[in-house]
Amino acid sequence: MTDPKPKERDQTSGPEPDESPKERVDRELIELLNGLRVILPGVQVLLAFLLTVPFSSGFGKATSTDRILYFVTVLLTVAATGALTMPAAYHRIRFRQGDKERMLHISNAFAIVGLVLLTLAMSSVVFLITNVLYGIAAAVPVALVCLAVLGFSWFAVPLIWSGDDTD
């Protein structure tokens, strides 16, 4: 496989050629909001699923530990939803007030926090379901694998390969 042309590499690794700082911030904000549009439906489905659980007939048989873990999972999911929707709310409230660069930095930080919370929420729900179905002996390793896979793919991979896009 041949290396991409230098011009192509420049277009994918930083500011676009002849792009002003304002255009860069606008593009990066659009990219962030588009990325969040991909994530949010899944988070919303998880939250909707969790909100129906207490109303199911079997929930009354849940142990106090299961109830606590369920509540923690709901709180993590709500927090993830809040953090991941914050950029859209910030954009609507601060629209046309000339602080898009600050909006981009704050929104990016909230998106990362939202992904951390989502990682914990998804691992927690996997733990809860596995514990109910197969017991704690199965729930602990399954949830840890889930946490490791999400943590590695969502955080470690981007951090490990952050500056080397030359292949």
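Definitions and limits used
For every chain, the first residue of the written sequence is number 1, and numbering continues from 1 along that sequence. Reporting of local features is limited, given that this is a predicted model, to residues whose pLDDT is at least 70; pairs of side-chain atoms are given and counted only at 80 or more, and all residues count toward the totals for whole chains, interfaces and linings. No hydrogens and no water enter the side-chain calculation; it runs on all heavy atoms of the structure. Numbering of helices and strands runs from the N terminus; a helix is a DSSP stretch of H or I covering at least four residues, while a strand is a stretch of E covering at least two. Three exposure classes are used, based on accessible area relative to the maximum for each residue type with a 1.4 Å probe and protein chains only: buried under 20%, partly exposed in between, and exposed over 50%. Between N or O atoms, a polar contact is any pair within 3.5 Å; within protein, one atom must be a potential hydrogen donor and the other a potential acceptor, and residues adjacent in sequence are included only when both atoms are from side chains. We call two residues in contact whenever any of their non-hydrogen atoms come within 4.5 Å of each other. What counts as a salt bridge is simple: a side-chain nitrogen of Lys or Arg found within 4 Å of a carboxyl oxygen of Asp or Glu. pLDDT expresses, on a scale from 0 to 100, how confident the predictor is about each individual residue. To qualify as a nonpolar core, a set must consist of buried Ala, Val, Leu, Ile, Met, Phe, Trp, Tyr and Cys residues joined through side-chain atoms within 4.5 Å. Patches draw on residues past 30% relative accessible area with no salt bridge. Two like charges within 9 Å are joined, as are two nonpolar side chains (Val, Leu, Ile, Met, Phe, Trp, Tyr) within 5 Å. The method behind every accessible area is Shrake-Rupley, applied with a 1.4 Å probe, and residues are considered shielded solely by the protein chains displayed.

### A word on the environment of valine 116
Assignment of secondary structure puts valine 116 in helix H4 (residues 100-134). Residue classification places valine 116 among the partly exposed positions, given a relative accessible area of 37%. Expressed as a C-alpha distance, the spacing of valine 116 and leucine 150, which sit 34 residues apart in the sequence, is 9.3 Å.

### Concerning the side chain of serine 124
Looking at the secondary structure, you find serine 124 in helix H4. Within the structure, the side chain of serine 124 is placed 2.4 Å from the side chain of threonine 73, a separation counted as a polar contact. Leave out the neighbours within four places in its chain, and serine 124 touches Leu69, Thr73 and Leu76.

### A short note on the pattern of salt bridges
Considering all chains together, one arrives at five salt bridges under this definition. When the shortest N-O distance is used, the salt bridge between glutamate 28 and arginine 24 registers 2.9 Å. Taken together, the residues span about one helical turn, with glutamate 28 and arginine 24 both in helix H2 (residues 21-52) at a distance of four residues. Looking at glutamate 28, the relative accessible area reads 24%, which means it is partly exposed. Two residues, arginine 24 and glutamate 101, come together in a salt bridge whose shortest N-O distance is 3.4 Å. Residue arginine 24 is located in helix H2, and its partner glutamate 101 is located in helix H4; the two are separated by 77 residues in the primary sequence. A relative accessible area of 37% places glutamate 101 in the partly exposed class.

### Thoughts on the confidence of the model for the chain
Residues of the chain with pLDDT of at least 70 account for 87%, and the chain-wide mean is 84. Low pLDDT, under 50, characterises residues 1-13; the predicted model gives this stretch nine contacts beyond four residues in sequence or across chains.

### So, the nonpolar core
One finds Leu50 and Tyr70 to be the most contacted residues of the largest nonpolar core, which totals 31 residues. Of all elements in the fold, only H2, helix H3 (64-94), H4 and helix H5 (136-160) reach the threshold of two or more residues within this core. The contact partners of tyrosine 70, leaving out residues within four places of it in the chain, are Leu50, Leu51, Val53, Pro54, Phe59 and Leu128.

### Concerning a nonpolar patch on the surface
Together, Ile112, Val116, Leu120, Ile136, Val140, Leu144 and Leu147 make up a nonpolar patch on the protein surface, roughly 560 Å² of accessible area in all. Elements with a contribution of two residues or more to the nonpolar patch: H4 and H5. Counting residues per element, the nonpolar patch draws most heavily on H5, at four residues. Mapping isoleucine 136 onto the fold places it in helix H5. Accessibility expressed as a relative area gives 52% for isoleucine 136, which makes it exposed.

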